[in-house]
Amino acid sequence: METVLAIARDITQIRKAELEIIQGRQFLQSVMDSSLDVIQVFDAVRDVTGTIIDFTWRMNNRQAIEQLGEVVGKSVRQQSPGIVLSGVFDRMVQVVESGVAYEQEQYYSYEPFPDNWFYLTLVKHHNGVILTTKDITPFKKAEAVRLQSLMLLQQSEEVARIGSWEYDVAAGTFGWSEGMYRLFNLPVGSPVNPETYLEYVIEEDQPIAQRVVNHLREKHEPLEETLRLRVSGQVLTFRIKAVVLRNEQGEPLKVLGIDLDISEVKRLEEENLQMRLNQQKALLLGILAAQEEERSRISESLHNGVGQLLYATKLNLDQVAPHVSSDIIKITKNYWMKLFRKPGGYRTS
């Protein structure tokens, strides 16, 4: 009869531990998959001297798998050389060796992301590192457009001598653009408020400046005024325009405005007005001179023509005198002598 030796070993705890590990891994995977960011877990590969020469993927979340495919166990250097070329590889080594976490915006210009921006977070995990990346490309591009628009606005303000401002009704704050500080010859960032207009306005325009302040502080209505300010000893003329932004209930939220330096336009208008006045004056003087010349010509013509006629009449009168009554001749001569002797009368030789 053969004897069978049976050895039984209770592995319940081992199985439970393995099950817990599997469940824990599944839970960790589900947590990672719930993130919209790319999460990758790497193990460091060291040479005989202990130097990190590569990394291999140990675990990826769903977002990473969708972008990279199944790369668990593969070499980073071979699978994603862009990680090395972009400097991310060196950061991974640094985090593993130092244990100090790292986070930073990173521009990535390699496949499969040839023109993307990411926000990276690197945290040490045993002999490896956990890399979390968030695609911030849309935000960076929007920021680039915003910065470009801001630069264009600043250049436009400088060329056109325009400044823009914003008054927050609820907070009571007054914000200026760089163009506004340039118009007032103030350092950028200097404290300002609506009453700043009162500090620079010339005395004659004080009521207008006060009206501007009241519109901002109390009325919150569209605004359009022309104001003369004394800036650095020079009187400048500003055209102020503003609109009101309101919420759905019609309540004012902000007052947005611009200040336009129209000093040069005013100067040209005044010069043009003066030029037109000078032209009109010269034209009037020319007309008066022509009229005076015409009057002189007519006066001379009358003097020469009528005077000669009267003299000829006198000669004829002298010839007929012997044949006419002396009383008639005397009356005629007296009238003729009065005409030629009175001031401004005609005289003949």
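Residues numbered from 1 in each chain as written. Predicted model: local features only at pLDDT ≥ 70, side-chain atom pairs only at ≥ 80, totals over all residues. Heavy atoms only, no water.

Caption draft 1: Representation of the overall build of the protein. Helix and strand counts for the protein come out as 11 helices and 10 strands. With 349 residues in all, the protein has 28% of them scored as buried. Here the analysis covers contacts within the protein between residues at least 6 apart in sequence; of these, 42% occur between residues at least 24 apart. Of the accessible surface of the protein, which amounts to about 23,600 Å², a share of 56% is contributed by carbon and sulfur atoms. (Helix = DSSP H or I, 4+ residues; strand = E, 2+ residues; numbered from the N terminus. Buried < 20%, exposed > 50% of the residue type's maximum accessible area, 1.4 Å probe, protein only. Contact = heavy atoms within 4.5 Å. Areas by Shrake-Rupley, 256 points an atom, 1.4 Å probe, with all protein chains shown as cover.)

Caption draft 2: Inspection of the sheet that holds strand E3 (residues 102–110) at higher detail. Read across the open sheet, the five strands follow the order E2-E1-E5-E4-E3; overall the sheet is antiparallel. Looking at strand neighbours, the two that pair on one side only are strand E2 (52–60) and E3, the edges of this open sheet. Between one strand axis and the next, the sheet turns by 35 degrees as a mean value, whatever way the strands run. Where strand E1 (residues 38–46) meets E2, seven bridges bridge the pair, whose relative direction is antiparallel. (Pairing = 2+ DSSP bridges. Axes fitted to C-alpha atoms, helices over the stretch in contact; angles between N-to-C directions.)

Caption draft 3: Fine view of the nonpolar core. If you look at the biggest cluster of nonpolar residues, it comprises 27 residues, and the most contacted ones within it are Trp165, Phe184, Tyr197 and Leu229. By residue number, the principal contributor to this core is strand E9 (residues 234–246), which donates five residues. Residues Phe55, Trp57, Ile83 and Leu131 belong to the second largest nonpolar core, which totals 22 residues. (Core = buried A, V, L, I, M, F, W, Y, C linked by side-chain atoms within 4.5 Å.)

Caption draft 4: Geometry of the packing of aromatic side chains. Applying the stated criterion across every chain yields a total of 14 aromatic pairs. Measuring from ring centre to ring centre gives 5.2 Å for Trp176 and Tyr181, while their planes differ by 65 degrees; the resulting arrangement is edge-to-face. Accessibility classification places Trp176 together with Tyr181 in one group, the buried group. When the ring centre of Phe89 is taken as reference, the NZ or CZ atom of Arg77 above it lies at 4.5 Å. (Phe/Tyr/Trp six-rings, centres within 6.5 Å; stacked < 30°, edge-to-face > 60°. Lys NZ or Arg CZ within 6 Å of the ring centre and 35° of its normal.)

Caption draft 5: Molecular detail of the pattern of salt bridges. The tally for this structure, following the rule as stated, stands at 10 salt bridges. Between Arg211 and Glu225 there is a salt bridge; the shortest N-O distance is 2.7 Å. Here Arg211 is found in helix H9 (residues 206–219), whereas its partner Glu225 is found in strand E8 (residues 223–231), with 14 residues between them in sequence. Residue Arg211 is classed as partly exposed on the basis of its relative accessible area, which comes to 35%. Classification of Glu225 as buried rests on a relative accessible area of 13%. Three or more residues are tied together by salt bridges with common partners; here these are Glu224, Arg239 and Lys241. (Salt bridge = Lys/Arg side-chain N within 4 Å of Asp/Glu carboxyl O.)

Caption draft 6: Layout of the sheet that holds strand E7 (residues 173–176). Here we have five strands laid out as an open sheet, ordered E7-E6-E10-E9-E8, and antiparallel in their pairing. Every interior strand has two partners, whereas the edge strands, E7 and E8, have only one. Averaged over all adjacent pairs, the angle separating strand axes in this sheet is 25 degrees, with direction ignored. The strands touched by H9 within the sheet are strand E6 (162–168), E7, E8, E9 and strand E10 (252–261), with E8 carrying the most contacts at an inclination of about 125 degrees.

Caption draft 7: Here's a closer look at helix H5 (residues 88–98). Val88, Phe89, Met92, Val93, Val95 and Val96 are the residues of H5 that are buried. Along H5, the residues classed as buried sweep out an arc of 165 degrees about the axis, all on the same side. (Arc of directions from axis to C-beta.)

Caption draft 8: Main features of the confidence of the model for the protein. When pLDDT is averaged along the protein, the result is 79, and 67% of the positions lie at 70 or above. Note that residues 343–349 has pLDDT below 50 and, in this model, 15 contacts with residues that lie over four places away or in other chains. (pLDDT = per-residue confidence, 0-100.)

Caption draft 9: Spatial organisation of H9. For H9, which comprises 14 residues, the first-to-last C-alpha distance of 18 Å matches the rise-based estimate of 20 Å (1.5 Å per residue) to within 8%. Buried residues of H9: Ile208, Ala209, Val212, Val213, His215 and Leu216, and no others. Buried residues along H9 sit in contact with E6, E7, helix H8 (196–200), E8, E9 and E10. Just downstream of H9 lies His220, where phi reads positive at about 55 degrees. (Expected span 1.5 Å × (residues − 1).)

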